[in-house]
Amino acid sequence: MDPEYASVNGRKRPQRPQRTHREVADELRARIRSGELRPGQRMPTQAKLADEFGVERGAVRQALRILQSEQLLTNVAKGAPATVAGHPGGAPTGPEAPPRPTTAALAPRVAAAFEAEHVEIDSVCLTAASLTLAIGEPLRRIHAGRMKPAKVDVRVLLPGRDIDLAFPVAVEDSGHGRGGGRGGGRGGGRGEDPVHERWLAMRNAQGQVLRHHLLALRATHGIDVRVTFRALPFTPPVKLYLLNGVEALFAYYTLSRGEDRIGEENVQTYDAQGSRSALFAFERDAGVRDGAFVTQSRLWFDALWETISSELRLTR
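Residues numbered from 1 in each chain as written. Predicted model: local features only at pLDDT ≥ 70, side-chain atom pairs only at ≥ 80, totals over all residues. Heavy atoms only, no water.

**Focus: the nonpolar core**
Consideration 1: Val110, Phe114, Ile121, Ile135, Val156, Leu214 and Phe229 are the most contacted members of the largest nonpolar core, which has 43 residues in total.
Consideration 2: The element that contributes the greatest number of residues to this core is helix α7 (residues 194-221), accounting for 5 residues. (Core = buried A, V, L, I, M, F, W, Y, C linked by side-chain atoms within 4.5 Å. Buried < 20%, exposed > 50% of the residue type's maximum accessible area, 1.4 Å probe, protein only. Helix = DSSP H or I, 4+ residues; strand = E, 2+ residues; numbered from the N terminus.)

See the structure below:
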């Protein structure tokens, strides 16, 4: 506690203006990263932290849960004080954050986003598989009674079903394959192409699962939920996740050649493993460059949503 706000002769001086739970999380995160709070060290009790920061215990609990979702703390849900993780810094964000595979980096950030009263998630991706997987942790916490946002808005941009996808694509149908040019008589990537059909089935299935699990929160917990999909007229070469307007997570789809079993055939394809794509994290309040990236990413998403995208139905 700052000396300015310490007790003097049993009387406390007036506390500073109340902080938000994110400000509390930012301060505790900085202490962990600096080594002031060491791996394995027990945190002060929630009561002591609430007194130090001049906030309610609920704000402290939210801050601790954010740090737990970032793998900086353990035992947050138990009665004893939380413990600094043995290997803190597992999911940092901002300018110090190294890129990490989507499967490792996205889930804790989505879980932290669900600590907000109004959750807003926007995504541009190929199938929504990574987002569907990442949403699992906050859903578990909601069902366990550990969090309850009042409102959830999710918007997802996916490639349209009838476009000529750049990937995934059979090697023989690409410019580098035996067919000599894209299309290869496949009719614009429509029903005759088994690679396209497999992608379409995955796109629809992942989108349906994501929508179903989120909309179920209306009935089970009375949460106001909206999930909307729109179709892009092109294959996105990158994936983007915007969380509550304050974070942008960005990754390139990197293509590789492989062989897949589709039906009764082994097919050589060019495809991207989106779950392994290195995800770069940007925070609005982490500096001028990060802030500009988050702002421009939101403008880019909104422009696509409001102009060239169209209604998307998750059916064949």
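Next, the rest of the story.
**A word on the pairing of strand β14 (residues 278-283)**
Consideration 1: Pairing analysis gives 2 bridges linking strand β5 (residues 100-101) to β14, with the strands arranged antiparallel. Within the sheet, the bridge partner assigned to Pro101 lies in β14 and is Ala278. (Pairing = 2+ DSSP bridges.)

**Some remarks on unusual backbone geometry**
Consideration 1: The amide bond that connects Phe167 to the next residue, Pro168, takes the cis arrangement and shows omega of -5°.
Consideration 2: Notably, Ala128 is not glycine yet its phi reads approximately 70°, a positive angle.
Consideration 3: In this fold, Ala128 is placed in the loop between β6 (118-124) and α5 (129-134).
Consideration 4: According to the relative accessible area criterion, Ala128 is buried, its value standing at 2%.
Consideration 5: At Asn244, a residue that is not glycine, the phi angle is positive and equals roughly 55°.
Consideration 6: With respect to the secondary-structure elements, Asn244 resides in the loop between β10 (238-243) and β11 (247-252).

**Observations regarding the packing of helix α2 (residues 46-53) against helix α3 (residues 57-69)**
Consideration 1: Axis separation between α2 and α3 bottoms out at 9 Å; the angle between their running directions is 105°. What the angle tells us is that α2 and α3 run roughly perpendicular. Together, Gln46, Ala47, Leu49 and Ala50 of α2 and Arg57, Val60, Arg61 and Leu64 of α3 make up the contact between the two elements. (Axes fitted to C-alpha atoms, helices over the stretch in contact; angles between N-to-C directions. Parallel < 35°, antiparallel > 145°, perpendicular 65-115°, else oblique. Contact = heavy atoms within 4.5 Å.)

**As for the sheet that holds strand β8 (residues 169-170)**
Consideration 1: Spatially, β8-β13-β12 is the arrangement adopted by the 3 strands of the open sheet, whose pairing is antiparallel. Each edge of the open sheet carries a strand with a single partner, namely β8 and β12 (255-262).
Consideration 2: Docked against the sheet, α7 engages β8, β12 and β13 (265-272), running at close to 90° with respect to β12.

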